[in-house]
Amino acid sequence: MTQAMTDKPLVVAGRTLTSRLIIGTGKYASYEQNARALEASGAEMITVALRRVNLSDPSEPRLVDFIDPEKYIFLPNTAGCFTGEDAVRTLRLAREAGGWSLVKLEVLSDPKHLYPDMAETLRAAEMLIREGFDVMVYCSDDPVYARRLEEVGCCAIMPLGAPIGSGLGIQNPVNIRLIIEQSSVPVIVDAGVGTASDATVAMELGCDGVLMNTAIAEAKDPILMASAMKHAVIAGRQSYLAGRMPKKRYADASSPLFGLI
Ligand SMILES: CC(=O)[C@@H](O)[C@H](O)COP(=O)(O)O
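Residues numbered from 1 in each chain as written. Predicted model: local features only at pLDDT ≥ 70, side-chain atom pairs only at ≥ 80, totals over all residues. Heavy atoms only, no water.

Novice: Would you explain the confidence of the model for the protein chain in this entry?
Specialist: Should the pLDDT be low somewhere, the predicted coordinates at that spot are not to be read in detail. In the predicted model, the protein chain carries a mean pLDDT of 94, and the fraction of residues at 70 or more is 95%. Scored as a complex, the prediction yields pTM 0.94 and ipTM 0.97. (pLDDT = per-residue confidence, 0-100.)

Novice: Even after reading the chapter, I still don't get the nonpolar core, so can you show me in this structure?
Specialist: Soluble globular proteins: nonpolar side chains tend toward being buried together. Counting 66 residues, the largest nonpolar core has Leu105, Leu149, Ile157, Met212, Ile216 and Met229 as the members making the most contacts within it. Beyond its immediate sequence surroundings of up to four residues, Met212 is in contact with Leu21, Ile22, Ile23, Gly24, Val193, Ala199 and Met229. Counting 13 residues, the second-largest nonpolar core is a separate cluster that includes Leu75, Met136, Cys155 and Met158. (Core = buried A, V, L, I, M, F, W, Y, C linked by side-chain atoms within 4.5 Å. Buried < 20%, exposed > 50% of the residue type's maximum accessible area, 1.4 Å probe, protein only. Contact = heavy atoms within 4.5 Å.)

Novice: Could you clarify how one ought to interpret the packing of aromatic side chains in this entry?
Specialist: The geometry of two aromatic rings is summed up by the distance between their centres and the angle between their planes. One pass over the full model with this rule turns up two aromatic pairs. Ring geometry for Tyr31 against Phe66: centres 5.9 Å apart, planes inclined by 45°, an arrangement best described as tilted. Of this pair, Tyr31 sits in helix 1 (residues 31–41) while Phe66 sits in the loop between strand 4 (45–49) and strand 5 (73–77), and the two are 35 residues apart along the sequence. Overall, Phe66 belongs to the partly exposed group, its relative accessible area being 40%. Summarising the aromatic geometry, the rings of Phe74 and Trp100 are spaced 6.1 Å apart at their centres and angled 10° between planes, so their arrangement reads as stacked. Here Phe74 is found in strand 5, whereas its partner Trp100 is found in the loop between helix 2 (84–98) and strand 6 (102–105), with 26 residues between them in sequence. For Trp100, a relative accessible area of 19% puts it in the buried group. Of note, Arg95 hangs over the ring of Phe133, and the distance from its end group to the ring centre comes to 3.8 Å. (Phe/Tyr/Trp six-rings, centres within 6.5 Å; stacked < 30°, edge-to-face > 60°. Helix = DSSP H or I, 4+ residues; strand = E, 2+ residues; numbered from the N terminus. Lys NZ or Arg CZ within 6 Å of the ring centre and 35° of its normal.)

Novice: I would appreciate a short explanation of the UniProt feature "active site" (unreviewed entry) in the protein chain in the present structure.
Specialist: Here, UniProt's "active site" (unreviewed entry) annotation points to Lys104. Residue position: Lys104 is located in strand 6. Under the relative-accessibility criterion, Lys104 is labelled buried at 4%. Contact partners of Lys104, with chain neighbours within four places excluded, come to Thr47, Leu75, Pro76, Asn77, Thr78, Leu91, Met136, Tyr138, Met158, Asp190 and Leu211. (UniProt positions renumbered as here; feature names shortened; annotations may be inferred.)

Novice: How should helix 3 (residues 118–130) be read in this particular structure?
Specialist: Along an α-helix, residues three or four apart share an orientation, since each turn contains 3.6 residues. A rise of 1.5 Å per residue sets the reference length of helix 3, with its 13 residues, at 18 Å; its end C-alpha atoms lie 18 Å apart and thus fit the reference within 8%. Listing the buried residues of helix 3 in full gives Met118, Glu120, Thr121, Leu122, Ala124, Ala125, Met127 and Leu128. Two to three positions downstream of the cap, the backbone nitrogen of Ala119 sits 3.3 Å from a side-chain oxygen, assigning the N-cap of helix 3 to Asp117. At the C-terminal side of helix 3, Gly132 shows a positive phi close to 90°. (Expected span 1.5 Å × (residues − 1). Polar contact = N/O pair within 3.5 Å; in protein donor to acceptor, adjacent residues only side chain to side chain.)

Novice: Help me understand helix 6 (residues 196–205), please; the structure alone is not making it clear to me.
Specialist: The element helix 6 is largely enclosed, with a buried count of seven among its 10 residues. Among the residues making up helix 6, those that are buried are Ala196, Asp198, Ala199, Thr200, Ala202, Met203 and Leu205. Where helix 6 terminates, the next one or two residues include Gly206, which has phi positive at roughly 110°.

Novice: Explain the site of the ligand to me, please; I cannot follow it from the model alone.
Specialist: Taken together, Lys104, Glu106, Tyr138, Ile164, Gly165, Asp190, Ala191, Gly192, Leu211, Met212, Asn213 and Thr214 form the complete shell of residues around the ligand. Between the ligand and Asn213, the relevant distance is 2.8 Å, taken from an oxygen atom to a main-chain nitrogen or oxygen of the residue. When the ligand is considered free in solution it has 360 Å² of accessible area, and contact with the protein chains removes 94% of it. The class makeup of the residues in the shell around the ligand is five nonpolar, four polar and three charged. (Near = heavy atom within 4 Å. Areas by Shrake-Rupley, 256 points an atom, 1.4 Å probe, with all protein chains shown as cover. Nonpolar A, V, L, I, M, F, W, Y, C, P; charged D, E, K, R; others polar.)

Novice: Would you explain the layout of surface pockets in this entry?
Specialist: With a probe scaled to a water molecule rolled over the atoms, the places where space remains empty come into view. Space inside the second largest pocket adds up to approximately 280 Å³. In this structure, the second largest pocket is lined by 16 residues; those nearest its centre are Asp7, Thr18, Ser19, Arg20 and Ile234. When residues in the lining of the second largest pocket are grouped by element, the largest group, six residues, is from helix 8 (residues 222–242). Residues belonging to the lining of the second largest pocket are distributed by class as follows: six nonpolar, five polar and five charged. (1 Å grid on protein atoms, 1.4 Å probe; cavity = no way out; pocket = protein on both sides within 12 Å on 5 of 7 lines; lining within 4 Å. Points joined across faces, edges and corners; volume = space filled by probe spheres on them.)

Novice: Help me out: how do you make sense of the side chain of Thr47 in this one?
Specialist: Mapped onto the elements of the fold, Thr47 is located in strand 4. Classification of Thr47 as buried rests on a relative accessible area of 5%. Beyond its immediate stretch of four places on either side in the chain, Thr47 contacts Ile22, Ile23, Gly24, Thr25, Leu75, Asn77, Lys104 and Leu211.

Novice: How should I be thinking about the pairing of strand 6 in this particular structure?
Specialist: For a regular strand, side-chain orientation follows a simple rule: the groups alternate between the two sheet faces. Residues Leu102 and Lys104 line one face of strand 6 and the alternating positions Val103 and Leu105 line the opposite face, and both faces are buried. Of the strand pairs in this sheet, strand 6 and strand 7 (residues 134–139) are connected by four bridges, and their pairing is parallel. Of the residues in strand 7, the one forming a bridge with Val103 is Val135. In this view, the connection linking strand 6 to its parallel neighbour strand 7 by way of helix 3 has right-handed handedness. (Pairing = 2+ DSSP bridges. Right-handed = clockwise from strand over helix to strand, strands pointing away.)

Next comes the structure, spelled out in structure tokens:
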């Protein structure tokens, strides 16, 4: 059996995931399209921005009418929160509304670049963990803060690949690799993926998974892109496990150049 076939599944705070792709619920033309993309992506976990998504009013379209919370792991997030208190309040509501204790924390700073405010993120992570939440945390690609977040008990470190919604791909592979090397919890690139090859690059670096929204939702054909992302993540993971050949300075012929007839 090959190494890839014996790959261990991704485990986050005791939840086992066979897919290493996590997708979002923003920017889709409809919940129906979102549900079809989710199916095509093979993802088992989906982020839900509580501020944006109607979870309770049955007179309006509800995400849960299209995506079954019994079949998928809903990951409530704190999209749109700019202070630690705001994020904590949002996730307390999530726990009350749906019983969710596995959550994604994001505390943003400037609306222009949507970089995480790391001091606030760390403070909010500590508050949430004290209250018994399992915290997957969106963060900058700073290895020092990533280490602190793991030390305070975050169950997954989620550095950005590039600004949210930019589709610029992995801008700082050196730092992402440093974070992977030092982490004993899963490292999941979150934000900035633009196309399938970006997801493969993240996985080839050794990330445990990739979270994306815009690349699928804003593709011309979101369902086809969701399928492309599924394969890209698998390809990147297998390539990482297989181990790339060393780069060489000069050509190295594929067939022997001696003993020719
Ligand atoms: C931190 C955050 O909000 C991201 O999870 C976002 O939802 C996905 O980013 P992209 O839209 O760039 O994939």
